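# Remarks on the overall topology
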Amino acid sequence: LAKVESISAVESLKLTASSKATKGAITVKWTVKGDKAAADGFQVWKSTKAQKGYKKAITTKKTSFKNTKNLKKGVRYFYKVRAYKVVDGKTYYSDWSNKANRYAK
């Protein structure tokens, strides 16, 4: 039962992402609504298109990510985040956050 509860706890998390661009970097932050401790961590995915082409940028335990690599000035980057939890070797995810986007400076 505890397993089922921890899985549903992570699956019910709601993430809200926001971003900020500074010279040479885009910082993505997200807030977690629900029991943040239910998650083992977060995955941040990045793309230059709103709807497709997302690749995993980082897996982190923090609620922010400073992207300084592979940014091209004037290109718009989209980021989305989801929480994850591993139970018995299987990974469970929350829904995706909204998409935060910024032009690289």
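Criteria and cut-off values
Residues numbered from 1 in each chain as written. Predicted model: local features only at pLDDT ≥ 70, side-chain atom pairs only at ≥ 80, totals over all residues. Heavy atoms only, no water. Phe/Tyr/Trp six-rings, centres within 6.5 Å; stacked < 30°, edge-to-face > 60°. Helix = DSSP H or I, 4+ residues; strand = E, 2+ residues; numbered from the N terminus. Buried < 20%, exposed > 50% of the residue type's maximum accessible area, 1.4 Å probe, protein only. Lys NZ or Arg CZ within 6 Å of the ring centre and 35° of its normal. Contact = heavy atoms within 4.5 Å.

## What about the packing of aromatic side chains?
Summed over the entire model, instances satisfying the criterion amount to two aromatic pairs. Seen from their ring centres, Trp30 and Phe42 are 5.7 Å apart, and the 65 degrees between their planes marks the pair as edge-to-face. Here the residue Trp30 occupies a position in strand E2 (residues 25-33), and Phe42 occupies one in strand E3 (residues 41-47), the gap between them amounting to twelve residues. On the accessibility criterion, Trp30 (4% relative accessible area) is buried. Between the aromatic rings of Trp45 and Trp96, the centroid separation amounts to 5.7 Å while the plane-to-plane angle is 85 degrees, which identifies the pairing as edge-to-face. Of this pair, Trp45 sits in strand E3 while Trp96 sits in the loop between strand E7 (90-93) and strand E8 (100-103), and the two are 51 residues apart along the sequence. Note on Trp45: relative accessible area 19%, which makes it buried. One Lys or Arg, Lys80, reaches over the ring of Tyr54 and ends 4.2 Å from the middle of that ring. Between the NZ or CZ atom of Lys90 and the centre of the ring of Tyr92, over which it lies, the distance is 5.0 Å.

## Re the environment of Ala83
Along the chain, Ala83 falls in strand E6 (residues 76-87). In this structure, the C-alpha to C-alpha distance between Ala83 and Ser12, residues 71 residues apart in sequence, is 9.8 Å. With residues near it in sequence (within four places) discarded, Ala83 still touches Val10, Leu13, Leu15, Ala39, Gly41, Phe42, Tyr92, Tyr93 and Ser94.

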